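# Survey of secondary and tertiary structure
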Amino acid sequence: MLSGMRPTGPLHLGHLVGALDSWTKLQQTHDCFFVIVDWHALTTEYADTARIREYTREVALDWLAAGIEPDRSTVFVQSGVKEHAELHLLLSMIVPTPWLERVPSYKEQQEQLRDRDLNTYGFLGYPLLQAADILAYKAATVPVGEDQVPHLELCREIARRFNNLYGAVFPEPQALLTRAPRLPGTDGRKMSKSYGNAILLSDAPAELARKVESMMTDPQRTHRHIPGRPEVCPVFSHHRVFSEPAVIEWADRGCRSAGIGCRDCKGALTASLEARLKPMRERRAALADDPFALDGILSLGRDKARGVASETLAEVRAAMRIGG
Ligand code: TRP
Ligand code: SF4
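Notes on the structure in this doc start here.

Cut-offs applied
- Residues numbered from 1 in each chain as written.
- Chains lettered and ligands numbered in written order.
- Predicted model: local features only at pLDDT ≥ 70, side-chain atom pairs only at ≥ 80, totals over all residues.
- Heavy atoms only, no water.
- Pairing = 2+ DSSP bridges.
- Helix = DSSP H or I, 4+ residues; strand = E, 2+ residues; numbered from the N terminus.
- Right-handed = clockwise from strand over helix to strand, strands pointing away.
- Expected span 1.5 Å × (residues − 1).
- Buried < 20%, exposed > 50% of the residue type's maximum accessible area, 1.4 Å probe, protein only.
- Arc of directions from axis to C-beta.
- Contact = heavy atoms within 4.5 Å.
- Phe/Tyr/Trp six-rings, centres within 6.5 Å; stacked < 30°, edge-to-face > 60°.
- Lys NZ or Arg CZ within 6 Å of the ring centre and 35° of its normal.
- Salt bridge = Lys/Arg side-chain N within 4 Å of Asp/Glu carboxyl O.
- Near = heavy atom within 4 Å.
- Polar contact = N/O pair within 3.5 Å; in protein donor to acceptor, adjacent residues only side chain to side chain.
- Areas by Shrake-Rupley, 256 points an atom, 1.4 Å probe, with all protein chains shown as cover.
- Nonpolar A, V, L, I, M, F, W, Y, C, P; charged D, E, K, R; others polar.

Here we take up the pairing of strand β1 (residues 2-5). Taken together, the 4 bridges between β1 and strand β2 (residues 33-36) define a ladder with parallel strand orientation. In the sheet register, Met5 faces β2, and the bridge partner there is Ile36. In this region the chain leaves β1, passes through helix α1 (residues 13-29) and returns to the parallel neighbour β2; the handedness of that crossover is right-handed.

Further remarks concern helix α12 (residues 245-256). The end-to-end C-alpha distance of α12 is 17 Å, a good match for the 16 Å that 12 residues give at a rise of 1.5 Å each. Taken together, the buried positions of α12 are occupied by Ile248, Ala251, Gly254 and Cys255. On an axial view of α12, the arc spanned by its buried residues comes to 145°, and they lie on one face. α12 presents Pro245, Ala246 and Arg253 as exposed residues on the side facing more than 90 degrees away from its buried surface. Buried residues along α12 sit in contact with α11 (234-242) and α13 (262-289). A positive phi of about 60° marks Ala258, the residue just after α12.

To describe a pair of aromatic rings, one takes the distance between the centres and the angle between the planes. Counted under the stated rule, the structure contains 9 aromatic pairs. Arranged with centres 4.9 Å apart and planes meeting at 65°, the rings of Phe162 and Phe170 form a pair that is edge-to-face. You'll find Phe162 and Phe170 in the same group, each marked buried. Chaining the aromatic ring pairs together yields one cluster made of Trp23, Phe34 and Trp63. In this arrangement the basic side chain of Arg161 is found over the ring face of Trp99, its NZ or CZ atom lying 5.5 Å from the centre.

This part covers the pattern of salt bridges. Across all of its chains, the model carries 27 salt bridges by this definition. Put simply, Arg72 and Glu69 hold a salt bridge, and the shortest N to O gap is 3.4 Å. With relative accessibility at 39%, the residue Arg72 sits in the partly exposed group. Accessibility expressed as a relative area gives 32% for Glu69, which makes it partly exposed. For the salt bridge of Glu172 with Arg160, the shortest nitrogen-to-oxygen distance reads 3.0 Å. Of the two residues, Glu172 is situated in the loop between α9 (149-166) and β5 (174-177) and Arg160 in helix α9; the sequence distance between them amounts to 12 residues. Arg160 gets classed as partly exposed once you look at its relative accessible area, which sits at 34%.

This part covers the site of ligand 1. Not every one of the 13 residues close to ligand 1 is listed here, only the nearest: Gly4, Tyr126, Gln130, Asp133 and Gln148. Here a nitrogen atom of ligand 1 and a side-chain polar atom of Gln148 are 2.9 Å apart. Protein coverage of the free-state accessible area of ligand 1, which is 370 Å², stands at 89%. Contributing elements (two or more residues each) for the shell around ligand 1: β1, α8 (126-135) and β4 (141-144). Looking at the shell around ligand 1, its residues break down into 6 nonpolar, 5 polar and 2 charged.

Residue alternation in β2 divides its side chains into two sets, Phe33 and Val35 and Phe34 and Ile36, and both sets are buried. Examined bridge by bridge, β2 and strand β3 (residues 74-77) share 4 bridges and lie parallel to one another. Paired with Val35 across the strands is Phe76, a residue of β3.

The structure is reproduced here in structure tokens:
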């Protein structure tokens, strides 16, 4: 099993419920590889690379804090395992460019990130590099969000094409869809770093409380005596994910009957989030205290990953009758 994330900033609650919670469960039952894809970050951030290194460490800390266990799983950084680059290059010889051009995220991202020139070779090859990440480990299962399904489909097509041309080397990986509950940001839009509406896994208690206080509520509930509609309220969306059943029930009923105020409701949410984030914050601090601890974990992960990827690449070269 393999999955990855781009190091584009510190992780937030959306990453926790959308990915990390399922990863920490999967590592109990699967041989897991978790990769921080810094080369993928370059595909959009090539003009401003100043923070990619720092974010790579942040993401690693967030993962470990969230419960990824380096003794159990292989945690590593993509750029440390050059086999990804070699496989990407070899696969680039057989992938028809229309396959890449028709991946929906290609045009979408170009539209969304109009401030930069994404008419690059590297950006077009984003999903191919992702395929190399996956195939280098012959991963059978790839837990991803819905937006990644076309990338997985492309990966399967490339595996098939390779196998047809050179012989059966790659299994076709399966996407494992993580059905994440919808988690809006503090302003009600999708939680995202770029909207500035995210609650970070690393937020200090005061910052957490401040963000919850600033959260949008049911806009019709302009006064304490007006009953509210939890189903349209971002605070309640968070209760549903992070609070105990009794608290969810209390908020739901209290809101509809105007029995509680939004301030009470938010106070309870801060407590629920704090209960979840406090142990993570502590694990993070312990790791951050000793910078060599993280280095050690990442270099061990790199060596383990390299061991597997280099075996695959030996098979790939033999199948293609090419050196390396
Ligand atoms: N494209 C993925 C995303 O944006 C990140 C990623 C890169 C990835 N390589 C991967 C995910 C391999 C799963 C497997 O979320
Ligand atoms: Fe939202 Fe809670 Fe206020 Fe209801 S009481 S509107 S659920 S914050």
